[in-house]
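Spelled out, the chains give:
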Amino acid sequence: MAIGFISDTHGSLEDTKRALELLADCEVIIHLGDVLNHGPRNKLPESYDTIALTEVLKSRNNIYYVKGNCDCDADMMVTGKDISNKLGIFEFDGLRIYAVHGYEETEEERVMAAKFYVADVVASGHTHKKVLDVHQGVLILNPGSTTLPKDGIKSVAKIKDNKAMLLDLLTGEVLSEIDMRSIEKEGVREANFLEGELF
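None of these values were measured; they are calculated from a predicted model.

With respect to the overall build of the chain
Moving on, step 1. Counting secondary structure elements, the chain contains four helices and 11 strands.
Moving on, step 2. In summary, the chain has a C-alpha radius of gyration of 15 Å against a globular reference of 16 Å for 199 residues, a match within 12%.
Moving on, step 3. In terms of its C-alpha atoms, the chain occupies a principal-axis envelope of roughly 45 × 35 × 30 Å.
Moving on, step 4. For the chain, the proportion of its 199 residues judged to be buried stands at 51%.

Given below as structure tokens:
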């Protein structure tokens, strides 16, 4: 199973469409927040078109969302999607993902929470900077921003065939990769969640 990750699309139609094309082989995609609104600190993206982007997102049934600091009730009303949860716990093919936008807690707090939920992956956005690392036996993944990268490259992320990777949005080039089989797990507790369930 392939799982895609996007974040901080901030209303950009063309960048979001390109991200969805690049992740076309993913059965599910997790959007880590800041979906439509460009935010008060950001410049308007070049292809800012929330009306057209709303129609694209309405047509997709394989995207799960967590709420970002720029997301609001109106976004849910126009997309018909649940963007109300600040935290998502997802499990697909035995891989458990702790997902948040990442603006209310430190990375250390996210790792501790992921361990509490027996998650293999901490996925977050918000910083507009891509990260792929391992900390205390947990994969740390931030896909960066599809639209307004603060590290110079628009990007997305994917987990497929036991490999986590960051991808250049424009070229599709793999920027960084970790073989998840090489991650040594540290003390975890037992928990059971239904596949794909959001908490």
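Notes on the nonpolar core
Moving on, step 1. Core analysis: the largest hydrophobic core is formed by 23 residues, its most contacted members being Phe 5, Ile 30, Ile 97, Val 121, Leu 139, Leu 141 and Ile 159.
Moving on, step 2. Looking at this core, the element that brings in the most residues is strand S5 (residues 95-100), giving three residues.
Moving on, step 3. Residue contacts for Leu 141: discarding those within four places in its chain leaves Phe 5, Val 121, Val 122, Ala 123, Ser 124, Val 131, Leu 132, Ala 157 and Ile 159.

A short note on helix H4 (residues 107-116)
Moving on, step 1. Taken residue by residue, H4 has Arg 110, Val 111, Ala 113, Ala 114 and Lys 115 as its buried positions.
Moving on, step 2. Taken together, the buried residues of H4 touch S5, strand S6 (121-123), strand S7 (131-135) and strand S8 (138-142).
Moving on, step 3. At the C-terminal side of H4, Val 118 shows a positive phi close to 55°.

Reading the values: the criteria
Residues numbered from 1 in each chain as written. Predicted model: local features only at pLDDT ≥ 70, side-chain atom pairs only at ≥ 80, totals over all residues. Heavy atoms only, no water. Helix = DSSP H or I, 4+ residues; strand = E, 2+ residues; numbered from the N terminus. Rg over C-alpha atoms; globule rule 2.2 N^0.38 Å. Buried < 20%, exposed > 50% of the residue type's maximum accessible area, 1.4 Å probe, protein only. Core = buried A, V, L, I, M, F, W, Y, C linked by side-chain atoms within 4.5 Å. Contact = heavy atoms within 4.5 Å.

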